[in-house]
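# Observations on chain architecture
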Amino acid sequence: MSGDFARYVSDYLGRYLPGQRNLSPNTIASYRDMFKLLISYFDERGRKPEAMSMGDLGRDEVEGFMAWLGARGCSDSTVNQRLCAVKAFVNYVKAYDPARMLQYQQVLAIRQRKKAAGRMVFPGREGLAAILRDPDTSTAKGRRDMVLLTLLYDSGARVSELCGLELRDVRLEDPAVVTLTGKGRKTRVVPLMHATAELVLRYIDEVYPNRDASDLSKPLFPGPRGRPLTRAGVSDIVARHVRGAKDAGADVPDGVSPHSFRHQKAIDLLESGVNLVYIRDFLGHRSVTTTEVYATVSIARKREILEQAAASPAAGEYPDWSEDRDLMAWLKGLC
């Protein structure tokens, strides 16, 4: 039916994603950007969005869209991300339009572009220490940066999780924990070292000296206008102190980013003998298979860790990692 494409897009973005899926505004914006590109692609081919039907979104058209994205300079990762968004939309529509089921199945069967595995960059323990020493703690900005970098490492947070932290998400009484909201708005509670908790407490007392219950929704790391720091802002902070550490003579590899702190935390946990399953829960991975990539970094422990993971029981039989007294004792004594 002509024009049903616009109706499905409006319902998908306006009702389904925010209402039924409860996705974050950033995730919905990513889907919206995909549709803007898709509409531009069809517009260049003489198809106006108001006249389009779902019949226009066949396998050949989607593969043409992927090629068009590649010609515009998009990386394979970006093309694959857009393809996933198209597939999610098609998967939603097929329940309402079974007459085109074969067409939708053909779209869903499109394979992603293969890409070379990215090189994992992490600063190393000495490099990390040099980066953490770089902020000038005689200034408010330097103290903020030092706390931010320390928490980024200690919590193993993704940069988006760090940016989204509010005062309510940090518990500094013993045992100190931080609640991170990750992909799909899934939350996890991560323990903090005593030293980190003390740093965060002093920082909060400085930024919000007269805080009360009404301040709990305020960002832990506010920008100049009081809004949360952005990913770009955190990346700039990391890059500035990486440069400072290098200028001071530290051996810090090129390419260190906010995500490198997460890599370093995982490697340190692994080399300290923490089970892969606990590391999976700490990092918020869906599967231990994702976490196994860190085992390749520690050559000495690689075979032992992978054999333990292969011989371990089903995921549902694992105890709650936070109830493991030996692990918690190790976490508390890390500093």
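Source: prediction; values computed, not measured.

So, about the confidence of the model for the protein chain. In the predicted model, the protein chain carries a mean pLDDT of 84, and 83% of its residues have values of at least 70. Across the protein chain, element-level confidence peaks in helix H5 (residues 101-108) with a mean pLDDT of 95 and bottoms out in helix H14 (residues 299-311) with 45. Here residues 299-322 scores under 50 on pLDDT; set against residues more than four positions off or in separate chains, the count is 27 contacts.

This part takes up unusual backbone geometry. The omega torsion of the bond from Asp174 to Pro175 falls at 0°, within 30 degrees of zero and hence cis. Positive phi values are uncommon outside glycine, yet Asn22 reaches one of about 55°.

The next point concerns the sheet that holds strand S2 (residues 177-181). Pairing between the strands of a sheet is mediated by backbone hydrogen bonds and can be parallel or antiparallel. With antiparallel pairing, three strands are arranged side by side in an open sheet as S1-S2-S3. Looking along the sheet, the strands with just one partner apiece sit at the ends: strand S1 (170-171) and strand S3 (187-191). Two strands pair when backbone bridges link them, and S1 and S2 are joined in this way by two bridges, in the antiparallel orientation. Among the inter-strand pairings, Val170 is bridged to a residue of S2, identified as Val178.

All right, on to the environment of Asp56 then. Residue placement: Asp56 occurs in the loop between helix H2 (25-44) and helix H3 (59-71). Taking the C-alpha atoms as reference points, Asp56 and Phe42, separated by 14 residues in sequence, lie 9.1 Å from one another. Sequence-distant contacts of Asp56, defined by excluding residues within four places in its chain, comprise Phe42, Arg47 and Glu61. In terms of polar contacts, Asp56 uses its side chain to reach the side chain of Arg47, at 2.5 Å.

What follows deals with the packing of aromatic side chains. In total, this model carries 15 aromatic pairs according to the counting rule given. Clustering of aromatic rings is evident, with ring pairs tying together Phe5, Tyr12, Tyr16, Tyr31, Phe35, Phe89, Tyr92 and Tyr96. Residue placement shows Arg7 over the ring face of Tyr8; its charged tip is 4.6 Å from the ring centre. Cation over ring: Lys265 sits above Tyr153, and NZ or CZ is 5.0 Å from the ring centre.

Reading the values: the criteria
Residues numbered from 1 in each chain as written. Predicted model: local features only at pLDDT ≥ 70, side-chain atom pairs only at ≥ 80, totals over all residues. Heavy atoms only, no water. pLDDT = per-residue confidence, 0-100. Helix = DSSP H or I, 4+ residues; strand = E, 2+ residues; numbered from the N terminus. Contact = heavy atoms within 4.5 Å. Pairing = 2+ DSSP bridges. Polar contact = N/O pair within 3.5 Å; in protein donor to acceptor, adjacent residues only side chain to side chain. Phe/Tyr/Trp six-rings, centres within 6.5 Å; stacked < 30°, edge-to-face > 60°. Lys NZ or Arg CZ within 6 Å of the ring centre and 35° of its normal.

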